[in-house]
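Listed below, chain by chain, are the residues.
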Amino acid sequence: MKHLIVSLLCLASSFLFSQDDPDLFTLDANYFYGTILEHNPDISHLITDHPTGLILSYSKKTYGFKAWESRYNYPDWGFSFIYQDLKNEYLGENYSLYAHYNFYFLNRNLNFRIGQGLAYTTNPYDRETNYNNNAYGSDVMSTTYIMLNYKKENVYKGLGFQAGFSIIHYSNANVKAPNNSTNTFVFNVGANYLVDYKEKPDFQPSTEDKKFTEKIKYNLAFRAGVNESDVVGTGQYPFYNLSFYADKRINRKSALQVGTDVFFAEFLKELIYYYSVAYPERNIDPDTDYKRLGLFVGHELFINKMSLITQLGFYVYYPYDFEGRVYNRIGLKRYFGDQFFGAITLKSHGAKAEAVEFGVGVRL
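Source: prediction; values computed, not measured.

## A word on empty space enclosed by the protein
For step 1, the next point in the chain: Across all of its chains, the model carries 2 cavities of 30 Å³ or more by this definition.
For step 2, the next point in the chain: The calculated volume of the largest cavity comes to roughly 40 Å³.
For step 3, the next point in the chain: Together, Asp28, Asn30, Asn111, Arg113, Met147, Asn149, Lys151 and Gln162 line the largest cavity.
For step 4, the next point in the chain: When contributions to the lining of the largest cavity are tallied by element, the ones reaching two or more residues are strand E1 (25–36), strand E5 (110–121) and strand E6 (140–156).
For step 5, the next point in the chain: The leading source of residues in the lining of the largest cavity is E6, at 3 residues.
For step 6, the next point in the chain: Taken together, the residues of the lining of the largest cavity break down into 1 nonpolar, 4 polar and 3 charged.
For step 7, the next point in the chain: Estimated volume of the second largest cavity: approximately 30 Å³.
For step 8, the next point in the chain: Around the second largest cavity, the lining residues are Phe239, Asn241, Phe263, Ala265, Arg292, Lys347, Glu354 and Ala355.
For step 9, the next point in the chain: The set of elements that each furnish at least two residues to the lining of the second largest cavity consists of strand E10 (237–249), strand E11 (254–265) and strand E16 (352–363).
For step 10, the next point in the chain: For the lining of the second largest cavity, the class distribution of residues is 4 nonpolar, 1 polar and 3 charged.

Right under this line is the structure:
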């Protein structure tokens, strides 16, 4: 998990602190009240009350001084902190830090935020003292939240308000078992303050040529990390994934992808052996190949030097049946120059996470 912390913070800071426009920023605070969603019946015993908490945020404004800003209707970027009391003695409390984007719609009255970061939980699973917590297998986890608010800024001398709802997700992505995770749906209400509101500049109109073409690019990516099967105590093992794919930009925002993945997951090798010994009635050969080969299609959304990737794949070589033949990947890429990139992605089978992948690659 230490590598997860360092990598996420470096990726976020390399983007956020690269911005040098003298833009204004807002500070906002939200109180929330909600419920843990029973996405998995295995966590039903952990849903005993209504979680409460606070969301504190810093958001820097953009006004179109860079081309990508007007392309996305002048979004904000910034940092968030969330404190959540899960109102359950086994789950405890969570403290989280995020990097986030705010996107605006309906004459900038509707605000959609997405944040990605890290969480610390006060009461993770322990087989002796807290075996009831099958949601959080480690004290440090990855976390994502989305927020949809009706928002008014600078109503009176920089002060404004917002209200809406959010979904907060916590998971360690099978870095360590157990990992049933939680999703909390909350209603939030709060206030915001626009610092130096008297100095607010005008939004700069876009000067980009609407037409944009780019030839097909070829990508090679190497991803790695550690994870564990759902069987508690089987241990953490490294994995290595190789991807080769082509992409075609269809406009300034989007590119379509098609390619192949090769997966080397050591945890799966251990899991095959475990089941062959512990459950002989399954007739599993301990020498079954643990490697997998997949084909995928995907989409890449370009935002400045960052991009959001989503991919859907199908295993064409699949000797051992693990979570089905369809897999998906979602995550962030950060470009360094025109060719090289780093990435943090989540590979899963539907809503069932398999691994957080840390990757590097080249786009030629």
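On we go from here.
## Remarks on the sheet that holds E11
For step 1, the next point in the chain: Around the barrel, 8 strands lie side by side as E9-E10-E11-E12-E13-E14-E15-E16; this closed barrel has antiparallel pairing. Each adjacent strand pair in this sheet contributes to an overall mean axis angle of 25°, direction not counted.
For step 2, the next point in the chain: Inspection of the sheet shows strand E12 (residues 292–303) paired to strand E13 (residues 306–317) by 11 bridges, in the antiparallel sense. Across the sheet, residue valine 297 finds its bridge partner in E13, namely leucine 312.
For step 3, the next point in the chain: Of the strands in this sheet, strand E9 (217–227), E10, E11, E12 and E16 touch helix H3 (residues 266–278), which is tilted by about 45° from E11.

## Let's talk about the packing of aromatic side chains
For step 1, the next point in the chain: Under the definition given, this model contains 25 aromatic pairs.
For step 2, the next point in the chain: Aromatic side chains tyrosine 218 and phenylalanine 244 sit 6.5 Å apart centroid to centroid with 5° between the ring planes, which places their arrangement in the stacked category. Placement of tyrosine 218 in strand E9 and of phenylalanine 244 in strand E10 is noted, with a sequence separation of 26 residues between them.
For step 3, the next point in the chain: In this structure tyrosine 218 comes out as partly exposed when scored by relative accessible area, which is 44%.
For step 4, the next point in the chain: Ring plane angle 25° and centroid distance 6.1 Å describe the contact between phenylalanine 302 and tyrosine 335, whose orientation is recorded as stacked. Taken together, the residues span a long stretch of sequence, with phenylalanine 302 in strand E12 and tyrosine 335 in strand E14 (residues 326–336) at a distance of 33 residues.
For step 5, the next point in the chain: Taking the relative accessible area as the measure of exposure, phenylalanine 302 reaches 7% and is therefore buried.
For step 6, the next point in the chain: Chaining the aromatic ring pairs together yields one cluster made of Trp68, Tyr72, Tyr101 and Phe103.

## Structural notes on the layout of surface pockets
For step 1, the next point in the chain: In this structure, the second largest pocket encloses a volume near 370 Å³.
For step 2, the next point in the chain: What lines the second largest pocket is a set of 16 residues, and nearest its centre among them are Arg249, Phe302, Asn304, Asp338 and Arg363.
For step 3, the next point in the chain: Here the lining of the second largest pocket is built from residues that sort into 5 nonpolar, 3 polar and 8 charged.

## As for the pairing of E10
For step 1, the next point in the chain: Here 11 bridges tie E9 to E10, and the two strands are oriented antiparallel to one another. Bridging across to E10, alanine 224 finds its partner in tyrosine 240.
For step 2, the next point in the chain: As judged from the 11 bridges shared by E10 and E11, these two strands associate in the antiparallel manner. Bridge pairing in E11 links serine 243 to aspartate 261.
For step 3, the next point in the chain: The hairpin formed by E10 and E11 contains 4 residues between the paired strands.

## With respect to the nonpolar core
For step 1, the next point in the chain: Counting 24 residues, the largest nonpolar core has Leu268, Leu271, Ile272, Tyr275, Tyr320 and Phe322 as the members making the most contacts within it.
For step 2, the next point in the chain: Among the secondary structure elements, those contributing two or more residues to this core are E10, E11, H3, E12 and E14.
For step 3, the next point in the chain: In this structure, Ile55, Ile82, Ala119 and Ile168 belong to the second largest nonpolar core, which totals 18 residues.

## Section: the environment of aspartate 49
For step 1, the next point in the chain: Within the element layout of this structure, aspartate 49 appears in the loop between E1 and strand E2 (52–60).
For step 2, the next point in the chain: Take aspartate 49: its relative accessible area is 41%, and that puts it in the partly exposed class.

## Here's the deal with the pattern of salt bridges
For step 1, the next point in the chain: Tallied over the entire structure, the rule returns 17 salt bridges.
For step 2, the next point in the chain: Note that lysine 61 is salt-bridged to aspartate 76, the shortest N-O span being 3.3 Å. Separated by 15 residues along the polypeptide, lysine 61 in the loop between E2 and helix H2 (67–71) and aspartate 76 in strand E3 (residues 76–85) bring together distant segments of the chain. For the pair shown, lysine 61 and aspartate 76 are each scored as buried.
For step 3, the next point in the chain: With its nearest N and O atoms 3.4 Å apart, the salt bridge here joins lysine 151 to glutamate 153.

## With respect to the confidence of the model for the chain
Should pLDDT be low for a region, the predicted coordinates there are not to be read in detail.
For step 1, the next point in the chain: Looking at the chain as a whole, its pLDDT mean stands at 92, while 94% of the residues score no less than 70.
For step 2, the next point in the chain: Element-level pLDDT for the chain is lowest in helix H1 (residues 2–16), with a mean of 45, against a maximum mean of 98 in E2.

Cut-off values and rules
- Residues numbered from 1 in each chain as written.
- Predicted model: local features only at pLDDT ≥ 70, side-chain atom pairs only at ≥ 80, totals over all residues.
- Heavy atoms only, no water.
- 1 Å grid on protein atoms, 1.4 Å probe; cavity = no way out; pocket = protein on both sides within 12 Å on 5 of 7 lines; lining within 4 Å.
- Points joined across faces, edges and corners; volume = space filled by probe spheres on them.
- Helix = DSSP H or I, 4+ residues; strand = E, 2+ residues; numbered from the N terminus.
- Nonpolar A, V, L, I, M, F, W, Y, C, P; charged D, E, K, R; others polar.
- Pairing = 2+ DSSP bridges.
- Axes fitted to C-alpha atoms, helices over the stretch in contact; angles between N-to-C directions.
- Contact = heavy atoms within 4.5 Å.
- Phe/Tyr/Trp six-rings, centres within 6.5 Å; stacked < 30°, edge-to-face > 60°.
- Buried < 20%, exposed > 50% of the residue type's maximum accessible area, 1.4 Å probe, protein only.
- Core = buried A, V, L, I, M, F, W, Y, C linked by side-chain atoms within 4.5 Å.
- Salt bridge = Lys/Arg side-chain N within 4 Å of Asp/Glu carboxyl O.
- pLDDT = per-residue confidence, 0-100.

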